[in-house]
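# Coordinates in review
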Amino acid sequence: NAGVTQTPKFRVLKTGQSMTLLCAQDMNHEYMYWYRQDPGMGLRLIHYSVGEGTTAKGEVPDGYNVSRLKKQNFLLGLESAAPSQTSVYFCASSRYGQTSTEAFFGQGTRLTVV
Amino acid sequence: DAKTTQPNSMESNEEEPVHLPCNHSTISGTDYIHWYRQLPSQGPEYVIHGLTSNVNNRMASLAIAEDRKSSTLILHRATLRDAAVYYCILRDVRGSSNTGKLIFGQGTTLQVKP
């Protein structure tokens, strides 16, 4: 049981380049989330999804797009990377509804935009 | 999203109990109180959660005030491995929005001294 897997773990981009971060979970969870964490800060929610085919904006969505075409995958896209998007990105997933207990987080993707 | 207030940092001695406080005066009736912790260079991990009653698990105990406006995470015997940032989060999985979002604050950095 792999849990939540993020790909890649590290990446360096040049300003203006694009990339996609992949989050995959094997727990059949309905909820999935993308966060970013800047040095010395807490996590901030970028986008989230409550089910396949649905996405919604979080606290800091500008400059990012997401897609949830399959239940197990949640993709985060940067169309034109900027140095301000240098951060550690975390994906998480959890079950739906009142029975939902814990959210499971991936190990993070460290992105540097130069 | 209801907010929480935690001290920025706390210190503890190894093998002593630690009480981490959290204030959430604007908590709604459908908010669960969740605690997560983040070890250095890792993604957050679930610690414990509760609604109204005190809760215990293998990692910690959660004491919830009768009016639910505050809670305390209790680590019964701190170890060096418990040094982390601890986040108190209100999570609504029963309300009309039902997104199950986890909105992180700054958390409390716990230092454990040998």
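Refer to the preceding data block for the structure.
Because the structure is a prediction, the values reported are computed rather than measured.

Each value, and the rule that gives it
Residues numbered from 1 in each chain as written. Chains lettered and ligands numbered in written order. Predicted model: local features only at pLDDT ≥ 70, side-chain atom pairs only at ≥ 80, totals over all residues. Heavy atoms only, no water. Pairing = 2+ DSSP bridges. Helix = DSSP H or I, 4+ residues; strand = E, 2+ residues; numbered from the N terminus. Buried < 20%, exposed > 50% of the residue type's maximum accessible area, 1.4 Å probe, protein only. Contact = heavy atoms within 4.5 Å. Buried area = accessible area lost by both parts, 1.4 Å probe. Salt bridge = Lys/Arg side-chain N within 4 Å of Asp/Glu carboxyl O. Polar contact = N/O pair within 3.5 Å; in protein donor to acceptor, adjacent residues only side chain to side chain. Nonpolar A, V, L, I, M, F, W, Y, C, P; charged D, E, K, R; others polar. Axes fitted to C-alpha atoms, helices over the stretch in contact; angles between N-to-C directions.

Once that is clear, we can look at the sheet that holds strand β5 (residues 55-56) of chain B. Residue and element names in this part refer to chain B. As summarised here, the arrangement of the four strands in space is β2-β7-β6-β5, forming an open sheet in which the pairing is antiparallel. Strands at the two margins of the open sheet, each flanked by one partner only, are β2 (18-23) and β5. In this sheet, strand β7 (residues 70-75) lies alongside strand β6 (residues 61-64) in antiparallel orientation, the contact comprising four bridges. Residue pairing in the sheet places L62 in a bridge with L73 of β7.

A separate point is unusual backbone geometry. Most peptide bonds adopt trans geometry, and most residues besides glycine take a negative phi value. Looking along the chain, the bond that leaves A:T7 and enters A:P8 is cis, with omega of -5°. Relative to the assigned elements, A:P8 resides in the loop between β1 (4-7) and β2 (10-13). We note that B:E15 has phi near 70°; this positive angle belongs to a residue other than glycine. Along the polypeptide, B:E15 turns up in the loop between β1 (9-13) and β2.

This brings us to the environment of B:G107. Residue and element names in this part refer to chain B. In this fold, G107 is placed in the loop between β8 (84-92) and β9 (108-113). Relative accessible area serves as the criterion here: at 5%, G107 is assigned to the buried category. Between the C-alpha atom of G107 and that of V85, which follows or precedes it by 22 residues, the distance is 6.0 Å. Once residues lying within four places of it in the same chain are set aside, the contact partners of G107 are Q6, P7, N8, V85, Y86 and Y87.

What follows is about the environment of A:C23. Residues and elements named next belong to chain A. Here C23 is to be found in strand β3 (residues 19-25). For C23, a relative accessible area of 0% translates into the label buried. For the pair formed by C23 and Y33, sequence separation is 10 residues and the distance between their alpha carbons is 9.2 Å. Residues contacting C23, with those up to four places away along its chain left out, are V4, T5, M32, W34, Q72, N73, F74 and C91.

Let us look at the interface of chain A and chain B. Size of an interface, as often reported, equals the accessible area lost when the parts are brought together. Each partner contributes to the interface: chain A provides 25 residues, whereas chain B provides 22 residues. Both faces considered, chain A and chain B share a buried interface measuring about 1900 Å² in area, 52% of it formed by carbon and sulfur atoms. Run the count over chain A and chain B and you get zero salt bridges. Where chain A packs against chain B, one counts six residue pairs in polar contact (both at pLDDT 80 or more). By residue number, the principal contributor to the side of chain A that touches chain B is strand β4 (residues 31-37) of chain A, which donates four residues. Grouping the amino acids of the side of chain A that touches chain B by side-chain chemistry returns 12 nonpolar, 10 polar and three charged.

Attention now moves to the pairing of β6(B). All names here are of chain B. Looking at chain direction, β5 and β6 are connected through two bridges and run antiparallel. Each residue of the ladder has a partner; that of V55, found in β6, is L62. Between β5 and β6, which pair antiparallel and follow one another directly, the connecting turn spans four residues. Counting the residues between successive antiparallel strands, the hairpin from β6 to β7 contains five residues, one of them, R68, with a positive phi of roughly 65°.

As a further point, take the side chain of A:S93. Residue and element names in this part refer to chain A. Relative to the helices and strands, S93 is located in strand β9 (residues 87-94). Within polar-contact distance, the side chain of S93 engages the side chain of H29 at 2.8 Å. Excluding residues within four positions of it along the chain, S93 makes contact with V4, Q25, M27, H29, Y31, M32, Y33, E102, A103 and F104.

Residue and element names in this part refer to chain B. What the five strands build is an open sheet, ordered β1-β9-β8-β3-β4; its pairing is mixed. Edge strands, defined here as strands with exactly one partner in the open sheet, are β1 and β4 (45-50). Ignoring strand direction, the axes of neighbouring strands in this sheet form an average angle of 25°.

The next point concerns the pattern of salt bridges. One pass over the full model with this rule turns up seven salt bridges over all chains. With a closest N to O distance of 3.7 Å, A:K71 and A:E30 form a salt bridge. Of the two residues, A:K71 is situated in the loop between β7 (65-67) and β8 (73-78) and A:E30 in the loop between β3 and β4; the sequence distance between them amounts to 41 residues. Of the residues examined, A:K71 reaches a relative accessible area of 23% and is grouped as partly exposed. The class for A:E30 is partly exposed, based on a relative accessible area of 25%. With a shortest N-O distance of 3.1 Å, B:K113 and B:E11 are connected by a salt bridge. On the criterion of sequence distance, the pair formed by B:K113 in strand β9 and B:E11 in strand β1 is long-range, its members being 102 residues apart.

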